[in-house]
Amino acid sequence: MPQIARPRVVVTRQLPPAIEARMRELFNVRLNETDRPMRRDQLAAALADADVLVPTLTDAIDATLIADAGAGLKLIANFGNGVDHIDLAAARARGIIVTNTPGVLTQDAADMAMALILAVPRRLSEGERLVRAGDWSGWGPTAMLGRRVNGKALGILGMGRIGQAIAMRARGFGMRIHYHNRKRLPDVVERAVDATWHAALDDMLTEIDLLSINCPHNASTHHLIDAGRLELLGRGGYLINISRGQIVDEPALIDALENGTIAGAGLDVFEHEPAIDPRLLARDNVVLLPHMASATIEARQATGEKVIANIRMWADGHRPPDQVLEGWA
């Protein structure tokens, strides 16, 4: 691979100031100082002009855009871990390398999942709204009763870095850990959190009280949690999702919440975000967050540093350390 001293880099969203400053030093960079998501025509222009595109999850880089990209585009250095917004097959067909930023948000995402695991059964959001509205009349023995998490069974869908970090936290709260993965984890990992593996997702759903979704979104996980699986989770069950909204059939989830098929949900992601179904907004048994599981200063800085490292390694003629390989999921 030839070396490129100062590659032309286009960044689609505003990044931390220190990251943008370092990019100005290293690259011929065009930044998005307004932080408004690029329109499709702006993305097309960026792909036509850049050697390197730095997109985020708000940018849908589909096969048509990639097919029309300029000959100079050789690297898509994604700012973030998930790459379901990029057509990886189309990029491979054009010889375009795709990189991501794994590992930098594990602890922050696990913290947020654990916060939701506590907040939903204990009705924290509902109680906070009650106080702010001035409707709290004082303590009562039957007021704001929620559910204890100690002793409950937590099912983790996707036991990767984040799933394992959630399991470690949940064990500290006295929860029993179950998980479903395509492949079983090594014994040493299972023993660390006393986790029970389920080869079949449906089998796990009948054994748990709370479901934490931590798998990536792809063709095989789209609407993986549908009406039938919500029914398996049951009337006392809670759903927590900090991964991708499209993994859950959102209309089916709303029906389940309205009908009492499940007890509640904690959602940091939505199927059509930033649009949120008004029926979700109206539900007291749902905690809603604005896709903020990874929103810490430390995580954003570390993500930017990984993006820069991937670009520099590629520009020096080497394989980037975080290249997304075929079969990523």
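Rules behind the numbers
Residues numbered from 1 in each chain as written. Predicted model: local features only at pLDDT ≥ 70, side-chain atom pairs only at ≥ 80, totals over all residues. Heavy atoms only, no water. Helix = DSSP H or I, 4+ residues; strand = E, 2+ residues; numbered from the N terminus. Rg over C-alpha atoms; globule rule 2.2 N^0.38 Å. Buried < 20%, exposed > 50% of the residue type's maximum accessible area, 1.4 Å probe, protein only. Contact = heavy atoms within 4.5 Å. Areas by Shrake-Rupley, 256 points an atom, 1.4 Å probe, with all protein chains shown as cover. Lys, Arg positive; Asp, Glu negative; His and termini not counted. Charge placed at Lys NZ, Arg CZ, Asp CG, Glu CD. Salt bridge = Lys/Arg side-chain N within 4 Å of Asp/Glu carboxyl O. Domains from an automatic or database assignment. Buried area = accessible area lost by both parts, 1.4 Å probe. Polar contact = N/O pair within 3.5 Å; in protein donor to acceptor, adjacent residues only side chain to side chain. Nonpolar A, V, L, I, M, F, W, Y, C, P; charged D, E, K, R; others polar. UniProt positions renumbered as here; feature names shortened; annotations may be inferred. Pairing = 2+ DSSP bridges. Axes fitted to C-alpha atoms, helices over the stretch in contact; angles between N-to-C directions.

## Side note on the overall build of the protein
Okay, step 1: Regarding its fold elements, the protein presents 13 helices and 12 strands.
Okay, step 2: On C-alpha atoms alone, the protein measures out to a radius of gyration of 22 Å, which is about the 20 Å that the 2.2 N^0.38 rule sets for 329 residues.
Okay, step 3: On the principal axes, the C-alpha backbone points of the protein span a range of 70 × 50 × 30 Å.
Okay, step 4: A burial count over the protein gives 48% of its 329 residues as buried.
Okay, step 5: Taking the intrachain contacts of the protein between residues at least 6 apart in sequence as the baseline, contacts between residues at least 24 apart amount to 61%.
Okay, step 6: When the accessible area of the protein is evaluated, it comes to approximately 15,900 Å², of which 52% is carbon and sulfur surface.
Okay, step 7: With 36 positive and 40 negative side-chain charges, the protein shows a spacing of 4 Å between the two charge centroids.

## A closer look at the environment of Gly-151
Okay, step 1: Tracing the sequence through the fold places Gly-151 in the loop between α6 (124–132) and β6 (153–157).
Okay, step 2: On the basis of relative accessibility, which here comes to 34%, the residue Gly-151 falls in the partly exposed class.
Okay, step 3: Beyond its immediate sequence surroundings of up to four residues, Gly-151 is in contact with Gly-174, Met-175 and Arg-176.

## A closer look at the pattern of salt bridges
Side-chain pairs of opposite charge can arise whenever the charged atoms involved come near each other.
Okay, step 1: Considering all chains together, one arrives at 17 salt bridges under this definition.
Okay, step 2: Measuring nitrogen to oxygen at the nearest pair gives 2.2 Å for the salt bridge that ties Arg-132 to Glu-128. One end of the pair, Arg-132, and the other, Glu-128, are both in helix α6, four residues apart, so they sit about a helical turn from each other.
Okay, step 3: Residue class for Arg-132 comes out exposed when judged on its relative accessible area of 68%.
Okay, step 4: For Glu-128, a relative accessible area of 37% translates into the label partly exposed.
Okay, step 5: We note a salt bridge from Glu-190 to Arg-184, for which the minimum N-O separation is 2.8 Å.

## Observations concerning the domain arrangement of the protein
Okay, step 1: According to the domain assignment, the protein consists of domain 1 (8–100 + 296–316) and domain 2 (105–288).
Okay, step 2: Distance from the C-alpha centre of domain 1 to the C-alpha centre of domain 2: 32 Å.
Okay, step 3: On the domain 2 side, the residues contacting the five residues of domain 1 number four residues.
Okay, step 4: Together domain 1 and domain 2 conceal approximately 500 Å² of surface at their shared face, both sides included; 46% is due to carbon and sulfur atoms.
Okay, step 5: The salt bridge partner of Arg-244 is Asp-84, with a shortest N-O separation of 3.2 Å.
Okay, step 6: At the junction of domain 1 with domain 2, the criterion picks out three residue pairs in polar contact (both at pLDDT 80 or more).
Okay, step 7: Looking at the side of domain 1 that touches domain 2 residue by residue, the classes come out as two nonpolar, two polar and one charged.

## Focus: the UniProt feature "domain: D-isomer specific 2-hydroxyacid dehydrogenase NAD-binding" (unreviewed entry) in the protein
Okay, step 1: The sites that carry the UniProt feature "domain: D-isomer specific 2-hydroxyacid dehydrogenase NAD-binding" (unreviewed entry) are, in the present numbering, residues 114–293.
Okay, step 2: Helix and strand shares over residues 114–293 are 33% and 16% respectively, and the end C-alpha atoms of the span are 10 Å apart.

## Things to note about the environment of Leu-224
Okay, step 1: By secondary structure assignment, the location of Leu-224 is in the loop between β9 (210–213) and α10 (227–233).
Okay, step 2: Here Leu-224 falls in the buried class, since its relative accessible area comes to 16%.
Okay, step 3: For the pair Leu-224 and Trp-314, spaced 90 residues apart in sequence, the C-alpha to C-alpha distance is 36 Å.
Okay, step 4: Not counting the four nearest positions on each side in its chain, Leu-224 is found in contact with Leu-157, Leu-201, Arg-229 and Ile-247.

## Some remarks on the sheet that holds strand β8 (residues 195–197)
Okay, step 1: Within the open sheet, the seven strands sit side by side as β8-β7-β6-β9-β10-β11-β12. Their pairing is parallel. Both outer strands of the open sheet, β8 and β12 (286–288), are each paired with one neighbouring strand and no more. Averaged over all neighbouring strand pairs, the angle between strand axes comes to 20 degrees, with direction disregarded.
Okay, step 2: Sheet topology places β9 next to strand β10 (residues 238–241); four bridges connect them, and they run parallel. Its bridge partner being in β10, Ile-213 is matched across the sheet by Asn-241.

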